[in-house]
Each structure stands twice: as structure tokens, then as C-alpha cells.
Amino acid sequence: SFLQVPPEVIQLTARVNQKYFVCEKDGKLANAFICTANIAANDGGEAILAGNRKVLAARLSDARFFWDQDRKTPLSVHAKKLARITFHEKLGTVADKVERVAKLARWLVEENIVTPANAGTAGNDGAKAELAAQVEQAARLCKAALVTEMVGEFPELQGLIGGYYARAEGLPDAVADAIRDHYKPVGQGDEVPTAPVTVAVSLADKLDTLRS
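Here the structure is a predicted model, which means the values were calculated and not measured. (Residues numbered from 1 in each chain as written. Predicted model: local features only at pLDDT ≥ 70, side-chain atom pairs only at ≥ 80, totals over all residues. Heavy atoms only, no water.)

So, the overall build of the chain
What the chain contains, in helices and strands, is nine helices and four strands. Ordered by position in the sequence, the α and β elements of the chain form the string α-β-β-α-α-β-β-α-α-α-α-α-α. Along the three orthogonal principal directions, the C-alpha set of the chain runs to about 70 × 45 × 35 Å. A burial count over the chain gives 36% of its 212 residues as buried. Pairs at least 24 apart in sequence give 58% of the contacts found in the chain among residues at least 6 apart. As displayed, the chain offers around 12,100 Å² of accessible surface, 52% of which is attributable to carbon and sulfur atoms. (Helix = DSSP H or I, 4+ residues; strand = E, 2+ residues; numbered from the N terminus. Buried < 20%, exposed > 50% of the residue type's maximum accessible area, 1.4 Å probe, protein only. Contact = heavy atoms within 4.5 Å. Areas by Shrake-Rupley, 256 points an atom, 1.4 Å probe, with all protein chains shown as cover.)

Brief notes about a nonpolar patch on the surface
Together, Trp 107, Ile 113, Leu 203, Leu 207 and Leu 210 line one region of the surface with nonpolar side chains, adding up to about 490 Å² of accessible area. The element best represented in the nonpolar patch is helix α9 (residues 196-211), accounting for three residues. Mapped onto the fold, Leu 207 is located in helix α9. (Patch = residues over 30% accessible without salt bridge, like charges linked within 9 Å, V, L, I, M, F, W, Y side chains within 5 Å. Salt bridge = Lys/Arg side-chain N within 4 Å of Asp/Glu carboxyl O.)

Structural notes on the pattern of salt bridges
One side chain can pair with another of opposite charge once the charged atoms of both are near each other. Under the definition given, this model contains 17 salt bridges. Of the charged contacts in the structure, one is a salt bridge between Asp 205 and Lys 97, with a shortest N-O distance of 3.3 Å. Within this pair, whereas Asp 205 is found in helix α9, its partner Lys 97 is found in helix α4 (residues 94-110), the two being separated by 108 residues in sequence. The exposure classification of Asp 205 matches that of Lys 97, with both residues buried. Salt-bridge contacts for Arg 100 lead to Asp 208; the nearest nitrogen and oxygen are separated by 2.7 Å.

A closer look at the packing of aromatic side chains
Inspection of every chain in the model, using the stated rule, returns four aromatic pairs. Chaining the aromatic ring pairs together yields one cluster made of Trp 67, Tyr 164 and Tyr 165. (Phe/Tyr/Trp six-rings, centres within 6.5 Å; stacked < 30°, edge-to-face > 60°.)

Topic: the nonpolar core
Counting 49 residues, the largest nonpolar core has Val 9, Leu 75, Val 135, Met 150 and Ile 161 as the members making the most contacts within it. The leading source of residues in this core is α4, at eight residues. Residues contacting Leu 75, with those up to four places away along its chain left out, are Leu 141, Ala 144, Gly 162, Tyr 165, Ala 166, Glu 169, Leu 171 and Ile 179. (Core = buried A, V, L, I, M, F, W, Y, C linked by side-chain atoms within 4.5 Å.)

Structural data, given as C-alpha cells:
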């Protein structure tokens, strides 16, 4: 039942909290883990296994609770709470930053700096309008996960979990992907976004930070 939670959450819980190894089967996360012990167990390790299962189950129960609770609230409602978080004393709140990013991301599309994937085909105006709308929607929701319970517990998941919540909410895949990947590239060697919606939001976010 814990496998209903995104695999990255389970991996982070097992690795960071408990120092366990997770297992995969057929390319997907399996309901198994590996732990190590530096004692000789007279019972073949049964008590060690039972204890570690109990501890991990408790950790994963918390993660599943956060996952279930966060999804009860749309990202658009979570986003309103960003007005309570200061981005910079001279630059306002995170909500203020989101507003700037949304306007800048849409401008990047309107000025043809970021173009639709099918920019060279007929009906480009419609594709451009759709791209601009999705870019603005993704930008306005890209930081919403910062105020969720899951990110409060696992800050490392802030972009990734937002993408999961967007997809669970039924938002377009391009919007969910942009929310998930807008922090990329994070450091040298990280993947660089190529999808138009993601490119616009990621670029706008970084340009706003540089300008600030």
C-alpha cells in the first residue's frame, strides 16, 4: 500500500531517515528494502528485520499521510499561502516573485523567445496562444508545493512533488512537467529542460533571481 506514494518519497525516506537500500523489480520500486546490521543474530536476523520493518512502516505512514492530505487542496489554493513567505525583505514575498515570473514567462512566449514545438507549421497563432496560457498557469503554480506538508518534511522534493500533485489534479502534462522541472538545471551535469513550457518557466524563474 505504501507504493501508492511517489517512489522518490519512499527512496528519500528509506535512505535519509533510515540508511536503507531500496529495491526495484522490472524497473519499478519493489516492496522490499535492504538494511545492514553489525551484530550476530541468534535468530537468523528475524528480530532485526521485524524492528526495521516497524520503523520504516512508521516513517512511510507519515509520508503517505502527507501525500493524501496535500492532494486534498488544489495547487492554486496552496499558492495563495505563498503571500506569507518572505522572498527578500526588499523584494516582497514568494507570491510577489511568482507574479513576476508568470509575467516574464508569458512575455518570453509573446516575444517569440520561447516558441511552440510546432512553430514552423500552420496555425502557429493557436499554438502560441496555448503555449502562453500553459506557461502562465505553470508559473503561477510552480512554487505552490513549498507550503505543502510533504515539502515541509522533505525540502529536496519541492519541484518534483509539485509535478506529482499537478498531475494528480488533472492539469496538463506540459504544466505538470514544467512545475516538476522548473528548477533545472540544478548544478553542473544536470539535465537542461527542452520542453517549451518548462523552458519558459525555468528561464523566467532564473532571470528574475538574477535581476533581483
